[in-house]
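Architecture at a glance
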Amino acid sequence: MLGFGADRLRADMNRLLALLFHQGVLDEQFLQLQQLQDETSPNFVFEVVTIFFRESEKLLRNLRGLLLDRELSDYKKMEIHLNQFMGSSSSVGAKRVRNVCVAFRAASEQSNRAGCLRALELLEHEYCYLKNKLHELFQLEQQRVMAAGVRYPIQG
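Thresholds, definitions, all that
- Residues numbered from 1 in each chain as written.
- Predicted model: local features only at pLDDT ≥ 70, side-chain atom pairs only at ≥ 80, totals over all residues.
- Heavy atoms only, no water.
- Helix = DSSP H or I, 4+ residues; strand = E, 2+ residues; numbered from the N terminus.
- Buried < 20%, exposed > 50% of the residue type's maximum accessible area, 1.4 Å probe, protein only.
- Contact = heavy atoms within 4.5 Å.
- 1 Å grid on protein atoms, 1.4 Å probe; cavity = no way out; pocket = protein on both sides within 12 Å on 5 of 7 lines; lining within 4 Å.
- Points joined across faces, edges and corners; volume = space filled by probe spheres on them.
- Nonpolar A, V, L, I, M, F, W, Y, C, P; charged D, E, K, R; others polar.
- Expected span 1.5 Å × (residues − 1).
- Polar contact = N/O pair within 3.5 Å; in protein donor to acceptor, adjacent residues only side chain to side chain.
- Phe/Tyr/Trp six-rings, centres within 6.5 Å; stacked < 30°, edge-to-face > 60°.
- Lys NZ or Arg CZ within 6 Å of the ring centre and 35° of its normal.

This part is about the environment of Leu16. Residue position: Leu16 is located in helix H1 (residues 4-22). Taking the relative accessible area as the measure of exposure, Leu16 reaches 6% and is therefore buried. Along the sequence, Leu16 and Ala6 sit ten residues apart, while their C-alpha atoms lie 15 Å from each other. Beyond its immediate chain neighbours, meaning those up to four positions away, Leu16 contacts Lys133, Glu136, Leu137 and Leu140.

Here's what the structure looks like:
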């Protein structure tokens, strides 16, 4: 008999995903990503999201560096970074991160430094929230997989 813990953990995962969809943090692209995961690639979503996190942190560092240089705020370079961020966030279903990137890009196109600083702060906040919640989801998934593999002897 499989452990009951795996069922509880699956329900916890589903509740967390439902919350993230309800809050607009994730969109249907995340579900499509999950559908690509199977027995041959059981860590597919985790690996794709880990790459997204690594690249996002580089982009955030670059954006912050460009904005902190008061003399030479390079808005064209910012737009390039923001386009990359928008594309990668769209590919993993990070809806709120992508939406903030759109607003950030609009401020950048207007060379609005104050608007860009506000957008960067919001982008960092949304990114951290997403990262923490997906980390929580992956921990639940790992616990579920471990619990599903535990077999209890049938009492007779």
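Next up on the list: the layout of surface pockets. Reported here for the largest pocket is a volume of approximately 520 Å³. Of all the elements in the fold, those that place two or more residues in the lining of the largest pocket are H1, helix H2 (28-35), helix H3 (44-68) and helix H6 (113-149). Counting residues per element, the lining of the largest pocket draws most heavily on H6, at eight residues. Among the residues making up the lining of the largest pocket, the classes are represented as nine nonpolar, seven polar and three charged.

Residue position: Leu20 is located in helix H1. When the C-alpha atoms of Leu20 and Leu130 are compared, they prove to be 8.7 Å apart, with 110 residues separating the residues in sequence. Setting aside anything within four residues of it in sequence, one finds Leu20 in contact with Val25, Leu26, Tyr129 and Lys133.

Turning our eyes to something else, we now look at H6. Its 37 residues give H6 an end-to-end C-alpha distance of 53 Å, which sits within 8% of 54 Å, the value for a rise of 1.5 Å per residue. By the N-cap criterion, in which a side-chain oxygen at the helix start approaches the backbone nitrogen of a residue two or three places on, H6 is capped by Asn112, the distance to Ala114 being 3.3 Å.

Moving on: the environment of Leu63. On the secondary structure map, Leu63 appears in helix H3. For the pair Leu63 and Cys116, spaced 53 residues apart in the sequence, the C-alpha separation amounts to 9.4 Å. In contact with Leu63, other than residues within four places in its own chain, are Met78, His81, Leu82, Phe85, Phe104, Leu120 and Leu123.

Right, let's get into the packing of aromatic side chains. Counted by the stated rule, this structure contains four aromatic pairs. Taken together, Phe52, Phe53, Phe85 and Tyr127 form an aromatic cluster joined through their ring pairs. The positively charged end of Lys131 is found above the aromatic ring belonging to Phe53, 5.6 Å away from the centroid.

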